[in-house]
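Spelled out, the chains give:
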Amino acid sequence: MALPAEPADSLAFTAALDLISQVEPRVAEAVRQELQDQRESLKLIASENYASPAVLAAMGNWLSDKYAEGTIGRRFYAGCRNVDTVEQIAADHATALFGAAHAYVQPHSGIDANLVAFWAVLAQRVEAPALARAQARHVNDLSDSDWEDLRRDLGNQRMLGMSLDAGGHLTHGFRPNISGKMFHQASYGTDPATGLLDYDQVRAQAREFRPLILIAGYSAYPRKINFRVMREIADEVGATLMVDMAHFAGLVAGKVFTGDYDPIPHAHIVTTTTHKTLRGPRGGMVLCQSELAEQVDRGCPMVLGGPLPHVMAAKAVALAEARTPDFARYAQAVVANAQALAEGLRRRNVTLVTGGTDNHLVLLDVSPFGLTGRQAEAALLDAGVVTNRNAIPRDPAGAWYTSGIRLGTPALTTRGLNQADMDRIAHLIHTVLAGTQPATTPDGKPSPAKYTLDAKVRDQVSEEAADLMAGYPLYPAIRIS
Ligand SMILES: *Cc1c(COP(=O)(O)O)cnc(C)c1O
């Protein structure tokens, strides 16, 4: 399964590196080294992928030099016709691909997309009624005391989202993130017995807490979510349903998640990154129903400055790719691969949170091996397998060391690996985990960070991992070594 738009030879990238080299050779060297590292590594990081050469090329040019604050056709700067063109193409592809009424493609990242969405909802549900009450058209027309009341109201709203250890995201109202400082937050977890989202529990909490925003979406929950039910809950308590599909947008685009599991027809507003399963440039996007479009388009100046026109161009290219049958096949294969990986691990008696997966990610509980996530992550990396540690529900080792390892198949699927390869990878992961012992601290207690990995296991797994990746060359058309 080759990336789309791979020419026989991408000389442009060789030329670009030469150019960089003339100014700052160390940067050229780091870029070259990154390609080599990516080519060699067995990458199971669930949030990463490989964008196509066409997407990469769309980002590396003079569109970057343009200021284009405002929206398509209504800019605060002159000379924006080409930015209008690429932004319109990206928005058109996004609405057609997802069946959304409106798309806003300016956010620079997932967190920016979420901030745009939060403030669009606050503007619609808190600011607009306050303006109407004061018979003012603009916030600048409010009296100082009305403005102070509005500011207090904006900062005193409630949000209900998935807890971090159940797989939720920091931007869903958690204190270290600005969302937790803006909103009074409560979170729903998962059923302790099954690890699955318990909709009755979410409903009971929503009735009690009465959030302004009910947020659904995750970074580490290996199952699909029924958005029809989430919308019913939101409607019952008068909440706006926001879905953050940052992780699984590619599965929605590729029509793996349809009907009740497709957030677009059910949510009032949907945010996403464009670089995870969607396989585009690093960036964000907001999709919404018509009622929220005007507020969403005020992302700049609300929380954004000038958009990144070169990244919007790359989003347009990536979204065009995502509308092809090839992309749908990739999305199906991502899930089939994740399920094969989960099955391979389960057969080797590795404990999986929720027992399996419906999406692109698998969450392992490594505590039965006597390891923390931190030890497992480091030992796997020593053996050439790139993953990340992640908290599991009610994690006994806490959010830093954790007891989990999160695996994802988007990047390897893009490279072309298949279900048989996933079984080999399950074998490699199991071999490393079984070959790793926690070290003890000087006072004889088990260390949460130190470990010893059997050197023979390390070498043998590294070799097999490198072998596997050599069979699926990354960016073969890019001749840089
Ligand atoms: C990755 C992620 C984000 C943040 O995306 P960035 O582009 O890193 O800012 C937000 N929400 C969820 C659910 C994510 O998984």
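Residues numbered from 1 in each chain as written. Predicted model: local features only at pLDDT ≥ 70, side-chain atom pairs only at ≥ 80, totals over all residues. Heavy atoms only, no water.

Looking at an unreviewed UniProt entry, one finds the chain named Serine hydroxymethyltransferase, with [Actinomadura] parvosata subsp. kistnae as its source organism. UniProt, in its Cofactor (unreviewed entry) section for the chain, records the words "pyridoxal 5'-phosphate". Taken from UniProt, the Sequence similarities (unreviewed entry) comment for the chain reads in full: "Belongs to the SHMT family." (UniProt positions renumbered as here; feature names shortened; annotations may be inferred.)

K.L.:
I tried to follow the side chain of Asp-244 on my own but got confused; where do I start?
P.N.:
Along the polypeptide, Asp-244 turns up in strand S8 (residues 240–244). Of the side chains with opposite charge, Lys-276 comes closest to the buried, unpaired Asp-244, at an N-O distance of 6.8 Å. Only 3.0 Å separates the side chain of Asp-244 from the side chain of Asn-114, close enough to count as a polar contact. (Helix = DSSP H or I, 4+ residues; strand = E, 2+ residues; numbered from the N terminus. Buried < 20%, exposed > 50% of the residue type's maximum accessible area, 1.4 Å probe, protein only. Lys, Arg positive; Asp, Glu negative; His and termini not counted. Salt bridge = Lys/Arg side-chain N within 4 Å of Asp/Glu carboxyl O. Polar contact = N/O pair within 3.5 Å; in protein donor to acceptor, adjacent residues only side chain to side chain.)

K.L.:
Please clarify how the sheet that holds strand S7 (residues 213–217) should be interpreted in this entry.
P.N.:
Sheets are built from strands that pair by backbone hydrogen bonding, the pairs being arranged parallel or antiparallel. Read across the sheet, seven strands follow the order S4-S10-S9-S8-S7-S5-S6 without closing on themselves; strand pairing throughout is mixed. The sheet is open, and its two borders are formed by strand S4 (102–104) and strand S6 (183–188), each paired with just one other strand. The sheet shows a mean angle of 20 degrees between the axes of neighbouring strands, taken without regard to direction. In terms of strand pairing, S7 meets S8 through five bridges, oriented parallel. (Pairing = 2+ DSSP bridges. Axes fitted to C-alpha atoms, helices over the stretch in contact; angles between N-to-C directions.)

K.L.:
Any chance you could explain the environment of Pro-4 here in plain terms?
P.N.:
In this fold, Pro-4 is placed in the segment before helix H1 (11–23). Here the alpha-carbon distance between Pro-4 and Pro-368, two residues 364 residues apart in the chain, equals 42 Å. Sequence-distant contacts of Pro-4, defined by excluding residues within four places in its chain, comprise Ser-52, Pro-53, Arg-279 and Glu-321. (Contact = heavy atoms within 4.5 Å.)

K.L.:
It is not clear to me how the pairing of S8 should be interpreted in this structure. Could you clarify?
P.N.:
A regular strand places its side chains on the two faces of the sheet in alternate fashion. Extensive coverage of S8 is indicated by the burial of five of its five residues. In this fold, the crossover linking S7 to S8 by way of helix H9 (residues 227–237) has right-handed handedness. Where S8 lies against strand S9 (residues 269–273), three bridges are found, and the strand directions are parallel. Counted as the bridge partner of Asp-244 is Thr-271 from S9. (Right-handed = clockwise from strand over helix to strand, strands pointing away.)

K.L.:
Any chance you could explain the site of the ligand here in plain terms?
P.N.:
Residues in close proximity to the ligand total 14 residues, the closest being Gly-110, Ser-219, Asp-244, His-247 and Lys-276. In the environment of the ligand, an oxygen atom lies 2.8 Å from a nitrogen or oxygen atom belonging to the side chain of Ser-219. At a separation of 2.6 Å, a nitrogen atom of the ligand approaches a polar side-chain atom of Asp-244. Contact with the protein chains covers 84% of the free accessible surface of the ligand, which is 380 Å². Counted by class, the shell around the ligand contains three nonpolar, nine polar and two charged residues. (Near = heavy atom within 4 Å. Areas by Shrake-Rupley, 256 points an atom, 1.4 Å probe, with all protein chains shown as cover. Nonpolar A, V, L, I, M, F, W, Y, C, P; charged D, E, K, R; others polar.)

K.L.:
Sorry, what's going on with the UniProt feature "site: Plays an important role in substrate specificity" (unreviewed entry) in the chain here?
P.N.:
Residues annotated by UniProt as "site: Plays an important role in substrate specificity" (unreviewed entry) correspond here to His-275. Here His-275 shows up in the loop between S9 and strand S10 (284–288). You can call His-275 buried: its relative accessible area is 11%. Apart from the residues lying within four places of it in its own chain, the contact partners of His-275 are Ser-47, Asn-49, Gly-280, Pro-281, Arg-282 and Gly-283. A polar contact of 3.5 Å, which involves the side chain of His-275, links it to the side chain of Arg-282.

K.L.:
Looking at this structure, I do not really get the domain arrangement of the chain. What am I missing?
P.N.:
When the parts of a complex come together, some accessible area is lost, and that lost area is often taken as the interface size. For the chain, the domain assignment lists domain 1 (63–322) and domain 2 (325–470). The gap between the C-alpha centroids of domain 1 and domain 2 is 31 Å. Facing the 28 residues of domain 1 at the interface are 26 residues of domain 2. Summing the contributions of domain 1 and of domain 2, the shared interface buries around 2,200 Å²; its carbon and sulfur component is 57%. (Domains from an automatic or database assignment. Buried area = accessible area lost by both parts, 1.4 Å probe.)

K.L.:
I keep staring at the nonpolar core and nothing clicks. Help me out?
P.N.:
A general trend in soluble globular proteins is that nonpolar side chains are found buried together. Formed by 56 residues in total, the largest nonpolar core has its most connected members in Phe-98, Leu-214 and Met-245. Residues lining this core come from more than one domain, with at least three contributed by each of domain 1 (63–322) and domain 2 (325–470). Excluding residues within four positions of it along the chain, Phe-98 makes contact with Met-245, Ala-249, Val-252, Ala-253, Ile-264, Leu-278, Met-285, Leu-287 and Leu-319. (Core = buried A, V, L, I, M, F, W, Y, C linked by side-chain atoms within 4.5 Å.)

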